[in-house]
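Chain by chain, the residues run as shown.
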Amino acid sequence: MKVTINDIAKIAGVAKSTVSRYLNGGQVSPETKDKIKKVIEETNYEPNSFARSLKSKRTNFIGVIAPALDSYVTSRVLMAIDEKLRENQFTSLIINTSKSIELEIESLLNLERQKVDGIILFGTEMTDEHINVIQSMNTPVLIVGQETPAVHCIVFDDYNAGYEIGKYVAGHGHEKVVYLGVYERDVAVGKVRKQGVLDGLLHEGKNVATVYETEFDIDKAARITKKIMKEQQFSALICATDNIALGAMKAIREAGKNVPEDISLTGFGGYVYSTFTEPRLTTIKFMHKETGHLAAKTMISIINGEEVPSVQKADFTLLEGNSVKKV
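Residues numbered from 1 in each chain as written. Predicted model: local features only at pLDDT ≥ 70, side-chain atom pairs only at ≥ 80, totals over all residues. Heavy atoms only, no water.

**Topic: the nonpolar core**
Of all hydrophobic cores here, the largest spans 66 residues; its most connected members are Ile81, Leu237, Ile238 and Leu265. Listed in part, the 16 residues of the second largest apolar core include Val116, Leu121, Val133 and Cys153. (Core = buried A, V, L, I, M, F, W, Y, C linked by side-chain atoms within 4.5 Å. Buried < 20%, exposed > 50% of the residue type's maximum accessible area, 1.4 Å probe, protein only.)

**Describing the confidence of the model for the protein**
Atom-level detail of predicted coordinates should not be read off regions where pLDDT is low. Predicted confidence across the protein gives a mean pLDDT of 89, with 95% of residues reaching 70 or more. Mean pLDDT per element in the protein: helix H4 (residues 49-56) is the minimum at 50, and strand E8 (residues 236-239) is the maximum at 97. (pLDDT = per-residue confidence, 0-100. Helix = DSSP H or I, 4+ residues; strand = E, 2+ residues; numbered from the N terminus.)

**Considering the environment of His288**
Secondary-structure assignment places His288 in helix H12 (residues 288-303). Those residues within four positions of His288 in sequence are excluded, and the remaining contacts are Tyr72, Val73, Arg76, Val77, Ala80, Phe156 and Gly269. (Contact = heavy atoms within 4.5 Å.)

**Topic: the side chain of Thr139**
With respect to the helices, strands and loops of the structure, Thr139 is situated in the loop between helix H7 (128-136) and strand E4 (141-144). Filtering out sequence-adjacent residues up to four positions away, Thr139 remains in contact with Glu112, Val116, Asp117, Gly118 and Ile119.

**A closer look at H7**
Regarding H7, the residues found buried are His130, Ile131, Val133 and Ile134. Along the axis of H7, the buried residues cluster in a sector spanning 165°; they form a single face. Exposed residues on H7 whose side chains face more than 90 degrees from its buried face are Asp128, Asn132, Gln135 and Ser136. (Arc of directions from axis to C-beta.)

**Notes on the sheet that holds strand E1 (residues 61-66)**
The strand order E2-E1-E3-E4-E5-E11 describes an open sheet built from six strands, whose pairing is parallel. Both outer strands of the open sheet, strand E2 (91-96) and strand E11 (311-314), are each paired with one neighbouring strand and no more. Averaged over all pairs of adjacent strands, the angle between their axes in this sheet comes to 20°, without regard to strand direction. The pairing of E4 with strand E5 (residues 152-156) spans three bridges and is parallel. Counterpart to Val144 in the pairing with E5 is Ile154. (Pairing = 2+ DSSP bridges. Axes fitted to C-alpha atoms, helices over the stretch in contact; angles between N-to-C directions.)

**Re the pairing of strand E10 (residues 282-286)**
Among the five residues that make up E10, four are buried, leaving the element largely enclosed by the rest of the structure. Strand direction decides the pairing type here: strand E9 (residues 264-269) and E10, joined by four bridges, are parallel. Of the residues in E10, the one forming a bridge with Gly269 is Lys285. Where E10 lies against strand E12 (residues 316-319), four bridges are found, and the strand directions are antiparallel. Bridge pairing links Lys285 to Thr317 in E12.

**Structural notes on the packing of aromatic side chains**
Evaluation of the coordinates by the stated rule reveals four aromatic pairs. Seen in terms of ring centroids, Tyr159 and Tyr163 are 6.2 Å apart; in terms of plane orientation they differ by 35°. Their pairing is tilted. Pair noted here: Tyr159 and Tyr163 are both in helix H8 (residues 158-171), with a separation of four residues, about one helical turn. Residue class for Tyr159 comes out partly exposed when judged on its relative accessible area of 29%. Tyr163 sits in the partly exposed class, given a relative accessible area of 22%. For the pair Tyr183 and Phe216, a centre-to-centre distance of 6.2 Å together with 85° between the ring planes defines the contact as edge-to-face. Pair noted here: Tyr183 is in the loop between strand E6 (177-182) and helix H9 (187-203) and Phe216 is in the loop between strand E7 (210-214) and helix H10 (218-231), with a separation of 33 residues, a long-range link. Classification of Phe216 by relative accessible area gives partly exposed; the value is 30%. Among the aromatic side chains, those forming a connected cluster through ring pairs are Phe156, Phe286 and Phe316. Here the basic side chain of Arg185 rests over the ring of Tyr183, its NZ or CZ set 4.3 Å away from the ring centre. (Phe/Tyr/Trp six-rings, centres within 6.5 Å; stacked < 30°, edge-to-face > 60°. Lys NZ or Arg CZ within 6 Å of the ring centre and 35° of its normal.)

**Considering the side chain of Thr225**
Along the chain, Thr225 turns up in helix H10. Residue Thr225 is classed as buried on the basis of its relative accessible area of 1%.

**With respect to unusual backbone geometry**
Geometrically, the link from Val259 to Pro260 is a cis peptide bond, its omega value of 0° lying close to zero. Within the secondary structure layout, Pro260 lies in the loop between helix H11 (242-254) and E9. Each neighbour pair has its own omega, and for Glu278 with Pro279 the value is 5°, a cis peptide bond. Of note, Asn60 is a non-glycine position whose phi angle comes to about 60°, a positive value. For Asn60, the position within the fold is in the loop between H4 and E1. Here Asn60 falls in the partly exposed class, since its relative accessible area comes to 28%. Not every positive phi belongs to a glycine, and Gln89 is a case in point at roughly 65°. Position of Gln89 among the secondary structure elements: in the loop between helix H5 (72-87) and E2.

Here it is as structure tokens:
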């Protein structure tokens, strides 16, 4: 027969309310705590998590909304979030939206209906509809990757990372530079990161880069790079992500040119496979695991009613490869 709280209380010689208080993290003397813990271990007692959630008004589920599960950055941050949540007895409910804004909105509402304790949203772009829906909800929301004054956010330090790589390329003597970025609807990468790069180039007194746009896709980046090489004379190409840089490297080679002898190349992300390219890509490495752990801990703090900063920035480091030459 299944062991109940009554059985645990009788064997331990304590009141049922004491066992209940112990299971819900309430105040119990160390001696009594050890006694109850020993009985639970000996009887293999498993508490009814659904009944406990009704009493505590918690489900210990946290929804995580991601735009794509095949993204290197998203998958690394997501695994770190799930790892830290499990350490703290929370379960992740992960939803892939396939980069659909409509599905993001729908998922926010669906997760609230399922009474999750909190929601972590990987932001690609924050629309007015996002903000209106989040502000109408009772469930706390944490956004990862985009900054908005209306919601708690964790962002990569895109401006300073961009500034660092711009300064690095200009410091190597490059004056004819192209920046291959993405659409500005993605504020973090499309606007903030780009502005950091342009300001970093100016720090060294170099000319502002010519700016082109592509998408987060290797093949599309390769096609745009071929177009750029026909239209521009340049010595360095700064790419908004490592994937874009890999697409650019492919196009440069197909045009019979070499990196860095003919064109220097950089990226952002610090993806593992970027260290295996030849030449090794110079890039900005964002701390994905640390960011995921920070997101999980922040979400738990918000749920517990603790004060947390409205905006937190994840750190980065410059990984110097051999894809940028001195001019």
